[in-house]
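# Residue-level structure breakdown
One-letter residues, chain by chain:
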Amino acid sequence: METENRLNYINGEWVESVGREVFETKNPANGETLAKVQRGKAEDIDAAVKAARNAFESEGWQTFPPIDRGRILYKIAEELRNDAEEIAMLETLDTGKPLSQGRKDVEAAALYFEYYAGMADKIFGETIPVQPGILDYTLREPIGVTAHIVPWNYPLQILARSTAAALATGNTVVAKPAEDTPLTAIKLAELIDKSALPKGVFNLVTGYGSEAGAALSNHRDVDHITFTGSVQTGSAVMMGAAKNVKPVTLELGGKSPNIIFEDCDQTEAVDWVVRSIIQNAGQTCSAGSRLLVQHSIKEEFLRKVVEKMKAISIGKGVDDPDLGPILNEKQFLRIMEFMEVAQNEGANFLTGGKREQRAGLENGFFFQPTVIDNLDPKSYVAQEEIFAPVVAAFSFETEEQAIELANGTDYGLVTGIWTKDAARAHRVANRIRAGQVFINNYGAGGGVQMPFGGYKKSGFGREKGLEALRNYTILKNVALKY
Ligand code: NAD
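Residues numbered from 1 in each chain as written. Predicted model: local features only at pLDDT ≥ 70, side-chain atom pairs only at ≥ 80, totals over all residues. Heavy atoms only, no water.

### Quick notes on the overall build of the chain
- Scanning the chain from N- to C-terminus turns up 14 helices and 21 strands.
- Computed over the C-alpha atoms, the radius of gyration of the chain is 23 Å, within 12% of the 23 Å expected from 2.2 N^0.38 for a compact globule of 482 residues.
- Along the first, second and third principal axes, the C-alpha set of the chain runs to 70 × 65 × 40 Å.
- Buried positions account for 57% of the 482 residues belonging to the chain. (Helix = DSSP H or I, 4+ residues; strand = E, 2+ residues; numbered from the N terminus. Rg over C-alpha atoms; globule rule 2.2 N^0.38 Å. Buried < 20%, exposed > 50% of the residue type's maximum accessible area, 1.4 Å probe, protein only.)

### Brief notes about the nonpolar core
- Core analysis: the biggest nonpolar cluster contains 64 residues, and I259, I260, L291, F301 and V305 have the highest contact counts within it.
- Here F301 is in contact with I260, Q266, A269, V270, V273, L291 and V293, once residues within four sequence places are set aside.
- The next biggest cluster of nonpolar side chains, apart from the first, holds 54 residues, and it includes V37, L80, I158 and A175. (Core = buried A, V, L, I, M, F, W, Y, C linked by side-chain atoms within 4.5 Å. Contact = heavy atoms within 4.5 Å.)

### With respect to the site of the ligand
- By nearness alone, 28 residues border the ligand, and V150, W152, K176, E179 and R334 come closest of all.
- Between the ligand and E179 there is a distance of 2.5 Å, counted from an oxygen atom to a side-chain nitrogen or oxygen.
- One nitrogen or oxygen atom from the main chain of G253 is found 3.2 Å from a nitrogen atom belonging to the ligand.
- Considering the ligand on its own, with 820 Å² of exposed area, one finds that the protein chains cover 89% of that surface.
- For the shell around the ligand, the secondary-structure elements that each account for two or more residues are α7 (209–217), β11 (224–228), α8 (231–243) and α11 (329–344).
- Residue contributions to the shell around the ligand peak at four residues, all from α7.
- Class assignment of the residues belonging to the shell around the ligand gives a composition of twelve nonpolar, ten polar and six charged. (Near = heavy atom within 4 Å. Polar contact = N/O pair within 3.5 Å; in protein donor to acceptor, adjacent residues only side chain to side chain. Areas by Shrake-Rupley, 256 points an atom, 1.4 Å probe, with all protein chains shown as cover. Nonpolar A, V, L, I, M, F, W, Y, C, P; charged D, E, K, R; others polar.)

### Details of the UniProt feature "domain: Aldehyde dehydrogenase" (unreviewed entry) in the chain
- Feature annotation in UniProt assigns "domain: Aldehyde dehydrogenase" (unreviewed entry) to the following positions: residues 14–478.
- The distance from the first to the last C-alpha atom of residues 14–478 is 41 Å, and the span holds 38% helix and 19% strand. (UniProt positions renumbered as here; feature names shortened; annotations may be inferred.)

### Observations regarding the UniProt feature "active site" (unreviewed entry) in the chain
- The sites that carry the UniProt feature "active site" (unreviewed entry) are, in the present numbering, E251.
- Its place among the elements puts E251 in strand β12 (residues 248–251).
- Contact partners of E251, with chain neighbours within four places excluded, come to R161, F227, T228, G229, C285, L413, F452 and S458.

### Structural notes on the sheet that holds strand β5 (residues 33–38)
- The strand order across the open sheet formed by three strands is β1-β5-β4, and the pairing between neighbours is mixed. Edge strands, defined here as strands with exactly one partner in the open sheet, are β1 (5–6) and β4 (22–26). (Pairing = 2+ DSSP bridges.)

### Regarding the packing of aromatic side chains
- What the rule picks out here adds up to ten aromatic pairs.
- Between F261 and F396, the aromatic rings sit 5.3 Å apart at their centres with planes inclined by 70 degrees, giving edge-to-face as the arrangement. Of this pair, F261 sits in the loop between β13 (256–260) and α9 (266–278) while F396 sits in strand β17 (residues 390–396), placing them 135 residues apart in sequence. Across the pair, F396 and F261 agree in class, each one buried.
- Centroid distance F438 to Y442: 6.1 Å. Interplanar angle 45 degrees. Geometry classified as tilted.
- Looking at F438, the relative accessible area reads 6%, which means it is buried.
- The class of Y442 is buried, set by a relative accessible area of 9%.
- Following the ring pairs from residue to residue traces out a cluster consisting of F332, F365 and F367.
- Between the NZ or CZ atom of R275 and the centre of the ring of W272, over which it lies, the distance is 4.2 Å.
- When the ring centre of F332 is taken as reference, the NZ or CZ atom of R355 above it lies at 5.1 Å. (Phe/Tyr/Trp six-rings, centres within 6.5 Å; stacked < 30°, edge-to-face > 60°. Lys NZ or Arg CZ within 6 Å of the ring centre and 35° of its normal.)

### Digging into the side chain of Q38
- Considering the arrangement of structural elements, one finds Q38 in strand β5.
- Residue classification places Q38 among the buried residues on the basis of a relative accessible area of 1%.
- In this structure the side chain of Q38 is engaged in a polar contact, spanning 2.9 Å, whose partner is the backbone nitrogen of S17.
- Leave out the neighbours within four places in its chain, and Q38 touches N5, R6, L7, N8, V15, E16, S17, E21, V22, F23, T206 and G207.

### Quick look at the environment of E251
- The class of E251 is buried, set by a relative accessible area of 1%.
- With 24 residues separating them along the chain, E251 and F227 place their C-alpha atoms 6.3 Å apart.
- Separated by 2.9 Å, the side chains of E251 and R161 make a polar contact.
- In terms of polar contacts, E251 uses its side chain to reach the backbone amide nitrogen of G253, at 3.3 Å.

### Here we look at the sheet that holds strand β21 (residues 473–481)
- Read from one edge of the open sheet, three strands run β6-β7-β21, paired in antiparallel fashion. Because the sheet does not close on itself, it has two edges, and the strands there are β6 (127–128) and β21.
- Pairing geometry for strand β7 (residues 134–142) and β21, over nine bridges, is antiparallel. By the bridge assignment for β21, Y137 is matched with V478.

### Some points on the pairing of strand β8 (residues 145–149)
- Counting buried residues in β8 gives five out of five residues, a clear majority hidden from the surface.
- Neither face of β8 is left uncovered, since the one carrying V145, A147 and I149 and the one carrying T146 and H148 both have all their residues buried.
- Note that the unit made of β8, helix α5 (residues 155–168) and strand β9 (residues 172–176) has a crossover that is right-handed. (Right-handed = clockwise from strand over helix to strand, strands pointing away.)

### Focus on helix α1 (residues 42–57)
- Its 16 residues give α1 an end-to-end C-alpha distance of 22 Å, which sits within 8% of 22 Å, the value for a rise of 1.5 Å per residue.
- Among all positions of α1, only D44, I45, A48, V49, A51, A52, R53, A55 and F56 are buried.
- Elements that come into contact with the buried residues of α1 comprise β2 (8–10), β7, β8, β9, β10 (202–204) and α7. (Expected span 1.5 Å × (residues − 1).)

### A word on the environment of P129
- Among the secondary structure elements, P129 is positioned in the loop between β6 and β7.
- Through-space distance from the C-alpha of P129 to that of I149 is 41 Å; in sequence the pair is 20 residues apart.

Listed below in structure tokens is the structure:
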């Protein structure tokens, strides 16, 4: 891949950052430089926000017939699909994920544009019976300039999920991809540049979180911030927004459990337990990182999980194995620290727990599929998000204990329930404190249609589905006396 400098996209133009500084994005599989991107800072964010503000206030985007907004988004979905193979490869090179997962990400991004394209002319208010002689109605208006701070685990998908919803509802966008994985965001900007989207409606600034990210989340002229990433950074983003009294949508990860009851279909459950922690090397906010198994089948079930984890193929994303490398050294060292703490906390490693050292993989940070048993459910490793292909197992006797364990962390993003007893499945689902509950499946195929978001420290506000449209609209009540 050529290492020419990639530019920021502001007001429909490809521009260098004001400071003319660049930094490198690397291939996690071998450490090679993929490209140089702009080190955007406050001045660049400021220019992007100004462009987005002008595009919002001018006769441009806001007054576009909604159906035409939808048509442009459909076109972007089509362009994503036209270039799907190239974009999937770019995502794989930049994130390290297996190519087939990169392909799924591109398709998911196209689906977001398609789904929200269809909504552009179906967002409406209500009439409210107040009293005779008053016609009272509500208008659901775009909120204005929206900021999108995107993490490195699903760079294209997560960018598409919030920006498609924001654009469909008539907002303008300033996006800041993660410093480690900016390439597919730049590619999306290229496709948007070729579309009929008016200048300044979509803007992209690459840069570090502490510089471009902080400047965006603290900007006075941003009307809404969507952030996905760590709890710590999410909290900082929220503080910046609080100073300017701006709303935020936060998606901050989890410690999601699969609850395995003794009457479940074990073959299916084992398969999904493994998939849910192996996908994207466990670097997934909704990863199934805790395994809660009914005591009577624990030994048998764990044996099957370990067998499957040992059979996982590990390699470079371009070779499309089951498991690719960890994003970078920082993330890798963080995982190693977790493993050390787990040892000290008395963990029993049923498999994995180490760097994968195989020949050919020396220059990437590959981590073995890992199953840990014997941790105290209140221990640090049992409570905190590791972001690795590491699942921690626990056992329960009763339904009540299963619920208590499942709800026993500060997070609440996703829960899987595995049982053939439908009444039990509903009883448990009702008491789970998580934004999404899956019964006898995990993820339902991704589902752009299903509202997604957290309870507790997993965040608030909902992405995906129609629910996400609330983030990007503001309600006005109008009362007319006649
Ligand atoms: P992070 O939260 O720091 O980064 C996410 C995004 O926020 C990036 O675009 C980054 O540039 C930006 N950012 C960083 N500091 C910022 C600031 N002060 N103001 C505004 N934006 C800022 O995540 P990380 O440090 O890359 O990863 C650390 C841990 O976070 C991971 O191990 C994982 O546990 C968690 N994480 C969760 C998700 C998720 O999908 N929920 C995604 C990535 C990371």
